[in-house]
Structures are given as C-alpha cells and as structure tokens.
Amino acid sequence: MKNKYRILKIVVTVIILGLLLSFSLKRFGNQQITDSKISVKMSEKTPVYFVDEKDIREIVKKENPSGKVGELNIPSLEKKINALPAVDSANVYLNLNGKLNLDIKQRVPVFRLNKDGKDFYVDEKGIEFPISRTYSHPCMLVTGNIQPDEYEKLAELVEKIDKDDFSKKYFIGISKYKDSYNLLTSEGNYRVEIGDLDNIDFKVKGFKTFVEKYLVYQDPQKYSMVSVKYQNQIVTTLNPYFKENDSLLKAGKLELAKAPSLTAIAKKTDAKPKIAELKKTSSTKPKESTKPKTQAKEKKKTEKKTQAPVPSKPKPKSKVKIE
C-alpha cells in the first residue's frame, strides 16, 4: 500500500509540473525576448575573450527572427552555439518568467602552436581551435612538426612549467626538431634538450641542479645547448661565437688532431701480418743455405791429403750435429 501511495504522489507531482509549464508557456509564449531578458554568462575559470557577448545575442536573434518565446527552438540554438570553435560547452534554458539564460564555457588555450606556417591554439583536452583577430591569449609558443596524439602530453608539460616558479622563469618556448623536444630559455642563447616527453619532472630537476650549482657562476652565453635527455648525466655544447670559448675549442681540435684516425689504425692492422711473413722467410733462409756442409767436407779432404799429425781439438757440438 505504501508503494502505491508513493507512485500516486510522483504521478500527481509530474502532472502538476506539466500543467504549470503549459500554463507558463501559454502565458509567456507570445512575449518578446528583449535584450534585457537574455542573460549570457561565461563560466570558465581563466578569463578569456574569444567569444563576444554581442555575437551570442546576434545568434539568438537569427535563430528566432520573430523574437517570441513560444517560437524559440532551444535545442537548435544550443547546437548552433556549441558549433563555435572557441566554445567548449553551452547550456541554454528558459526560466518560468520567460528569461533566456545562456551559460557558455570557452576553450582556454594551453599553448599556441606554429605548424606548417599556420598558428592555432590547443586546449588542455588536445583540441585545436583558431586564433582570434580581436583577442590574443598569453600562453607558451610551440613550434615544430607535432602530431595531434602528442597534444595532451605537451599540454601536461606546459602546465607543469606554469605551476613551477623556476621553470616559468627560465622556459619561454618549446620547439621540436626531428624526434627531440627542446625548451627555449629566457637567459642566454642556449636551449635545453629533453628528448621525448617522458620523465619530465626528473629532467627538469636535473637542469635545475645544473643551474644552481654550476651555471650560476658561468656566463649564460657560454653554451649553445644543455642536454638532459640522457639518464643521470648532463651534456653541454659550447657556443662557438662566444670569445672565451676560443681557447677551449682550439684545445679540443688539437686533441682530435693528435688522436689516430680510423684509416691510420686500419693501415697499421693491415701492415702487421706482412712484417710477420718477412720474419718467417728470413728465419728459414739459414736452413736452406749449404755453406756449413761444404766447409766441413773441404776440411775432411785437406786432412786426408796432408795426413800430418794434428793435435786433436774438441769439435763444436753444432758442427757435429750438422750432417
């Protein structure tokens, strides 16, 4: 019985609401939607001005030329506003007093991308939308051939840079060359190579340590690149146009000149077996020579002819072995 009463209460309330709505529509159906009865609210956290309130009011007038409340197609108007590139979402509804409310949430750009000579914005969801002629939002500039599937990770990187005071002070832009990302700095002409978009926190911490413990005591013009893409190491590249680097660069060239080239090493390895062959041939020559044998025979012949008593001398062992 209790369930039946509950169902009856729900049905009665629905019927009452329906009657009230129909009554209000009949009452306000013929009323005109004036500018004072149109309320446009921008509900984004970060203030942006890509969509102008005047443009929204013009769209309302185009969708409802008669201006009557009863002839307004709310779903069609909502769809029209959502189709704007800079609009993230739109909610359109009427109050019981005939007031039209439009709650609009605009897209907030995370970075501005320059790709193939064209500029456009990308929001935190990785969605592209065109730049405005009347408004420019301050955000990170990104250049290079970046694919749409990289937008979300790149947006995360930009948000991390904006939240960190150190990173926000040093990094003013991002560029991509081939498959490697580089952070452009505000001090000096050097760039920070980070490689891919993985382990960003660890890479930024490594650069921060390098700056605080070493780069603070150096001229920022000394380097053209600081690479932190390798694990547990930082690689720096000297700036060839910095005068103080001339001595270091000359010393490096001299060391490279002293180092044996690959061709010289290859020649040495080819020459070694030839020397060994020569040694073998020279060591075999004494065995082929028959001079010791002929000398022994001549001595025997002279001993037989003279037959003179000659004091016996111990013959060398080497001659005894020769036959």
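1. Remarks on the pairing of strand E11 (residues 223-227)
Now for step 1: In terms of burial, E11 is a largely internal element, 4 of the 5 residues being buried.
Now for step 2: Here strand E10 (residues 191-195) runs beside E11; their pairing, made up of 3 bridges, is parallel. Of the residues in E11, the one forming a bridge with Glu 193 is Ser 227.
Now for step 3: In this sheet, strand E12 (residues 235-238) lies alongside E11 in antiparallel orientation, the contact comprising 4 bridges. Note that in E12 the partner of Ser 227 across the bridge is Val 235.

2. Points about unusual backbone geometry
Now for step 1: For Asp 116, which is not a glycine, the phi torsion comes out positive at approximately 55°.
Now for step 2: As for its position among the elements, Asp 116 is in the loop between strand E4 (109-115) and strand E5 (118-123).
Now for step 3: A relative accessible area of 69% means that Asp 116 is categorised as exposed.
Now for step 4: Even without being a glycine, Lys 178 presents a positive backbone phi close to 60°.
Now for step 5: For Lys 178, the location among the structural elements is in the loop between strand E8 (171-177) and strand E9 (180-185).

3. Re a nonpolar patch on the surface
Now for step 1: Where nonpolar side chains cluster on the molecular surface, the patch consists of Ile 7, Val 11, Ile 15 and Leu 19 and spans about 380 Å² of accessible area.
Now for step 2: Inspection of the secondary structure assignment puts Ile 7 in helix H1 (residues 2-28).

4. Considering the pattern of salt bridges
Now for step 1: Scanning all chains against the criterion turns up 11 salt bridges.
Now for step 2: Across the pair Arg 107 and Asp 88 runs a salt bridge whose closest N-O atoms are separated by 3.5 Å. Residue Arg 107 is found in the loop between strand E3 (100-106) and E4, and its partner Asp 88 is found in strand E2 (residues 87-94); the two are separated by 19 residues along the sequence.
Now for step 3: In this structure Asp 88 comes out as partly exposed when scored by relative accessible area, which is 21%.
Now for step 4: Among the charged side chains, a network of salt bridges with common partners joins Asp 88, Lys 105, Arg 107, Asp 123 and Lys 125.

5. Focus: the sheet that holds strand E6 (residues 128-130)
Now for step 1: Across the sheet, which stays open at both edges, the 9 strands sit in the order E6-E5-E4-E7-E8-E9-E10-E11-E12 with mixed pairing between neighbours. Looking at which strands have only one partner, the edges of the open sheet turn out to be E6 and E12. Looking at each pair of strands side by side, their axes are set apart by 25° on average, direction ignored.
Now for step 2: Of the pairings in the sheet, the one linking E5 to E6 comprises 3 bridges and is antiparallel in character. Directly across from Phe 120, in E6, lies its bridge partner Pro 130.
Now for step 3: Across the sheet, helix H6 (residues 200-213) is in contact with E8, E10, E11 and E12; its angle to E10 comes to roughly 150°.

6. A word on helix H2 (residues 53-63)
Now for step 1: For H2, the set of buried residues is Ile 56, Arg 57, Ile 59 and Val 60. Axial view of H2: buried residues confined to an arc of 155°, hence all on one face. The outward face of H2, more than 90 degrees from its buried face, is lined by the exposed residues Lys 54, Lys 61 and Lys 62.
Now for step 2: Close packing links the buried residues of H2 with strand E1 (38-42), helix H3 (74-82) and E3.

7. Re the confidence of the model for the protein chain
Interpreting fine coordinate detail is not advised for predicted regions of low pLDDT.
Now for step 1: Mean pLDDT for the protein chain: 77, with 72% of residues reaching 70 or above.
Now for step 2: Low pLDDT, under 50, characterises residues 262-266; the predicted model gives this stretch 1 contact beyond four residues in sequence or across chains.
Now for step 3: Contacts for the low-pLDDT stretch residues 314-323, under 50 throughout, to residues beyond four places or in other chains number 5 contacts.

Scoring rules and cut-offs
- Residues numbered from 1 in each chain as written.
- Predicted model: local features only at pLDDT ≥ 70, side-chain atom pairs only at ≥ 80, totals over all residues.
- Heavy atoms only, no water.
- Buried < 20%, exposed > 50% of the residue type's maximum accessible area, 1.4 Å probe, protein only.
- Helix = DSSP H or I, 4+ residues; strand = E, 2+ residues; numbered from the N terminus.
- Pairing = 2+ DSSP bridges.
- Patch = residues over 30% accessible without salt bridge, like charges linked within 9 Å, V, L, I, M, F, W, Y side chains within 5 Å.
- Areas by Shrake-Rupley, 256 points an atom, 1.4 Å probe, with all protein chains shown as cover.
- Salt bridge = Lys/Arg side-chain N within 4 Å of Asp/Glu carboxyl O.
- Axes fitted to C-alpha atoms, helices over the stretch in contact; angles between N-to-C directions.
- Contact = heavy atoms within 4.5 Å.
- Arc of directions from axis to C-beta.
- pLDDT = per-residue confidence, 0-100.

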